[in-house]
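Summary of the model geometry
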Amino acid sequence: EHNFPMQKELTSQSGYLQLFFEHAKDGIAVFDLNNKLLEVNPAFEQMYGWKRDEIIGQSISLVPPENIADAAERFNEVKKGASYHLLETVDMKKDGTYFNVQITLSPIYDDLGELIGLSAISRDISYKKEAEKLLIQSQKLKLAGEMAAGAAHEIRNPLTVISGFIQMMNENPDSPYIEYT
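Here goes a summary of the coordinates provided.

Further remarks concern the pattern of salt bridges. For the structure on display, the rule yields 6 salt bridges. We note a salt bridge from arginine 52 to glutamate 39, for which the minimum N-O separation is 2.5 Å. Here arginine 52 is found in helix H4 (residues 52–55), whereas its partner glutamate 39 is found in strand S2 (residues 37–40), with 13 residues between them in sequence. A residue is classified by how much of its surface remains accessible, and arginine 52, at 31% relative accessible area, is partly exposed. On the basis of relative accessible area, glutamate 39 is assigned to the partly exposed category, the value being 25%. Between lysine 142 and glutamate 146 there is a salt bridge, with its nearest N and O atoms 3.5 Å apart. Here the residue lysine 142 and the residue glutamate 146 both occupy positions in helix H6 (residues 126–170), the gap between them amounting to 4 residues, near one helical turn. Taken together, the shared-partner salt bridges connect Glu39, Arg52 and Asp53 into one network.

Quick look at the structure:
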């Protein structure tokens, strides 16, 4: 019985979509054809640091300055009907910090098949990138350790031979080299 409001909400398709939009873990943003934000979900607000009320109807940059040209190119491609699936790139939060994201960009059409907007779904993959970096570092350290062990082995062999000869030379008190050995 206590689930009744939830069931009622879920009975309508738009209600279901609204719930999905609100509770999705990925950031979702909807843009009009002039790159102005029409809607963002709570995950987007949390990920990018912008409040919904600050940015709806605005055209804000979500990418670092050096990525603006690439982002504009992608926007234009999507306006022509292209889409991008799980593209890895770097975005920028409101406070200017960069973070690694996986983005999916798609055109949005109305019932008549007219392009009316674009959707961007962003997933923060900073932790994944960090893990990959740590893995590469540990592999480099392992390789360095193996190289050091190999070098030590290469040096130890001739040293053992030299040490043996010095001991033999040292056992003969009549050797002219006794003071050196």
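What follows is about the environment of serine 106. As for its position among the elements, serine 106 is in strand S4 (residues 98–109). Take serine 106: its relative accessible area is 23%, and that puts it in the partly exposed class. Every residue in contact with serine 106, bar those within four places of it in the chain, is listed here: Val78, Ser83, Gly117, Leu118 and Ser119.

With phi around 70°, asparagine 35 is a residue other than glycine that occupies positive phi space. The exposure class assigned to asparagine 35 is partly exposed, which follows from its relative accessible area of 28%. Unusually for a residue other than glycine, leucine 86 sits at a positive phi of about 50°. Residue leucine 86 is classed as partly exposed on the basis of its relative accessible area, which comes to 41%.

Attention shifts here to a nonpolar patch on the surface. Together, Val161, Phe165, Met168, Met169, Tyr177 and Tyr180 make up a nonpolar patch on the protein surface, roughly 690 Å² of accessible area in all. Inspection of the secondary structure puts tyrosine 177 in the segment after H6.

Counting 19 residues, the largest nonpolar core has Phe31, Leu37, Phe44, Tyr48, Ile55 and Leu62 as its most contacted members. When contributions to this core are tallied by element, the ones reaching two or more residues are strand S1 (27–31), S2, helix H3 (42–48), helix H5 (68–79), S4 and strand S5 (115–124). Ranked by residue count, the leading element in this core is S4, at 4 residues. Contact partners of leucine 37, with chain neighbours within four places excluded, come to Ala29, Val30, Phe31, Ile55, Ile56, Gly57, Gln58 and Ile60.

What follows deals with the packing of aromatic side chains. On inspection of all chains with the given rule, the structure shows 3 aromatic pairs. Centre to centre, the rings of phenylalanine 31 and phenylalanine 75 are 6.4 Å apart; their planes meet at 85°, and the pair counts as edge-to-face. Here the residue phenylalanine 31 occupies a position in strand S1, and phenylalanine 75 occupies one in helix H5, the gap between them amounting to 44 residues. Each member of the pair, phenylalanine 31 as well as phenylalanine 75, is classed as buried. Summarising the aromatic geometry, the rings of tyrosine 48 and phenylalanine 99 are spaced 5.2 Å apart at their centres and angled 70° between planes, so their arrangement reads as edge-to-face.

Let us look at the layout of surface pockets. Taken as a whole, the largest pocket encloses approximately 450 Å³ of empty space. Lining the largest pocket are 23 residues; nearest its centre among them are Phe31, Asn35, Val63, Ala71 and Phe75. Sorting the residues of the lining of the largest pocket by element identifies S1, H3, H5, S4 and S5 as the ones contributing at least two each. The element that contributes the greatest number of residues to the lining of the largest pocket is H5, accounting for 6 residues. Of the residues belonging to the lining of the largest pocket, the class tally is 15 nonpolar, 6 polar and 2 charged. Space inside the second largest pocket adds up to approximately 200 Å³. The wall of the second largest pocket is formed by Ser14, Leu17, Gln18, Phe20, Phe21, Glu22, Ile28, Val30, Glu39, Ser119 and Ile121. Going through the elements one at a time, helix H2 (13–23), S1 and S5 are the ones with two or more residues in the lining of the second largest pocket. Examining the composition of the lining of the second largest pocket, we find that 6 residues originate from one element, H2, more than from any other. Classifying every residue of the lining of the second largest pocket by side-chain character gives 6 nonpolar, 3 polar and 2 charged.

Reading the values: the criteria
- Residues numbered from 1 in each chain as written.
- Predicted model: local features only at pLDDT ≥ 70, side-chain atom pairs only at ≥ 80, totals over all residues.
- Heavy atoms only, no water.
- Salt bridge = Lys/Arg side-chain N within 4 Å of Asp/Glu carboxyl O.
- Helix = DSSP H or I, 4+ residues; strand = E, 2+ residues; numbered from the N terminus.
- Buried < 20%, exposed > 50% of the residue type's maximum accessible area, 1.4 Å probe, protein only.
- Contact = heavy atoms within 4.5 Å.
- Patch = residues over 30% accessible without salt bridge, like charges linked within 9 Å, V, L, I, M, F, W, Y side chains within 5 Å.
- Areas by Shrake-Rupley, 256 points an atom, 1.4 Å probe, with all protein chains shown as cover.
- Core = buried A, V, L, I, M, F, W, Y, C linked by side-chain atoms within 4.5 Å.
- Phe/Tyr/Trp six-rings, centres within 6.5 Å; stacked < 30°, edge-to-face > 60°.
- 1 Å grid on protein atoms, 1.4 Å probe; cavity = no way out; pocket = protein on both sides within 12 Å on 5 of 7 lines; lining within 4 Å.
- Points joined across faces, edges and corners; volume = space filled by probe spheres on them.
- Nonpolar A, V, L, I, M, F, W, Y, C, P; charged D, E, K, R; others polar.

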